[in-house]
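Here is how the chains run, residue by residue.
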Amino acid sequence: CGNGAQGDSVQFKNVDFGKNGAKEMVLSFSYGGEKTSTVAVMLDKQDSAPIATFAITNTGGWDKTKAKEFTKAVKVPAGIHDVFVEFTNEESGSFSYIRFAEADAPVAGTSAPATADMGVIASLAAIVTSAAGFVALKKR
């Protein structure tokens, strides 16, 4: 997803975080500007508090080949959630994929266990990079 600007967002529907949830998130992002590009990630509702925020400075260019991985600790409860990625300032940028790492034990506040095993979906890169699985919510 590229050339994002403030308020642009993408929704990934019905992502199954398995029985333990997730403890870490990785964002692959490219940016060639002089200022800082910012991105927030929310669960279930776009207006909820972010589970992760990223402040990204120049990665060497706008092209996907210039992308770098940025990692944040997160606390994602088990089960199925919608994931929202939103550009939160006027600086642009592109993200190639997001990926979550399974938690070692159920995350506090975890809902009922999901039906799928987290091992099957440990890398969400395939979901994120395919046309099926995400919805562009807003683009100027």
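In case you missed it, the structure is sitting above this.
Residues numbered from 1 in each chain as written. Predicted model: local features only at pLDDT ≥ 70, side-chain atom pairs only at ≥ 80, totals over all residues. Heavy atoms only, no water.

Secondary structure assignment for the protein yields 1 helix and 8 strands. The linear arrangement of helices and strands in the protein, starting from the amino end, is β-β-β-β-β-β-β-α-β. Looking at the 140 residues of the protein, the share that counts as buried comes to 45%. Partitioning the contacts of the protein with sequence separation of at least 6, the portion at a separation of at least 24 is 84%. (Helix = DSSP H or I, 4+ residues; strand = E, 2+ residues; numbered from the N terminus. Buried < 20%, exposed > 50% of the residue type's maximum accessible area, 1.4 Å probe, protein only. Contact = heavy atoms within 4.5 Å.)

With that out of the way, let us pick up the pattern of salt bridges. Applying the stated criterion to the full structure yields 2 salt bridges. For Lys 23, the salt bridge goes to Asp 104, with nearest N and O atoms at 3.2 Å. Pair noted here: Lys 23 is in strand E2 (residues 22-30) and Asp 104 is in the loop between strand E7 (94-102) and helix H1 (125-129), with a separation of 81 residues, a long-range link. Under the relative-accessibility criterion, Lys 23 is labelled partly exposed at 38%. On the accessibility criterion, Asp 104 (67% relative accessible area) is exposed. (Salt bridge = Lys/Arg side-chain N within 4 Å of Asp/Glu carboxyl O.)

With that settled, consider the pairing of strand E3 (residues 37-43). The element E3 is extensively covered by neighbouring structure, given that 6 of its 7 residues are classed as buried. In this sheet, strand E4 (residues 52-56) lies alongside E3 in antiparallel orientation, the contact comprising 5 bridges. The partner of Ser 37 across the bridge, within E4, is Ile 56. (Pairing = 2+ DSSP bridges.)

Further remarks concern the packing of aromatic side chains. Tallied over the entire structure, the rule returns 4 aromatic pairs. On the basis of an interplanar angle of 85° and a centroid distance of 4.9 Å, the ring pair of Phe 17 and Phe 100 is categorised as edge-to-face. Residue Phe 17 is found in the loop between strand E1 (9-16) and E2, and its partner Phe 100 is found in strand E7; the two are separated by 83 residues along the sequence. For the pair Phe 17 and Phe 100, a shared accessibility class is recorded, and that class is buried. For the pair Tyr 31 and Trp 62, a centre-to-centre distance of 5.2 Å together with 85° between the ring planes defines the contact as edge-to-face. Residue Tyr 31 is located in the loop between E2 and E3, and its partner Trp 62 is located in the loop between E4 and strand E5 (68-76); the two are separated by 31 residues in the primary sequence. By relative accessible area, Tyr 31 is classed as buried at 0%. (Phe/Tyr/Trp six-rings, centres within 6.5 Å; stacked < 30°, edge-to-face > 60°.)

A general trend in soluble globular proteins is that nonpolar side chains are found buried together. In terms of nonpolar packing, the biggest core is built from 23 residues, with Val 83, Phe 95, Ile 98 and Phe 100 touching the most fellow members. Of all the secondary structure elements, the ones that give two or more residues to this core are E1, E2, E3, E4, E5, strand E6 (80-87) and E7. The element that contributes the greatest number of residues to this core is E2, accounting for 4 residues. (Core = buried A, V, L, I, M, F, W, Y, C linked by side-chain atoms within 4.5 Å.)

Take unusual backbone geometry next. Although it is not a glycine, Asn 14 adopts a positive phi angle of roughly 55°. In this fold, Asn 14 is placed in strand E1. A relative accessible area of 57% means that Asn 14 is categorised as exposed.

To continue, consider the sheet that holds E7. Ordered in space as E5-E2-E7, the 3 strands form an open sheet in which the pairing is antiparallel. On the outer flanks of this sheet lie E5 and E7, each paired with one strand and no other. Looking at each pair of strands side by side, their axes are set apart by 20° on average, direction ignored. Of the pairings in the sheet, the one linking E2 to E7 comprises 8 bridges and is antiparallel in character. Considered in E7, the bridge of Phe 29 is made with Phe 95. (Axes fitted to C-alpha atoms, helices over the stretch in contact; angles between N-to-C directions.)

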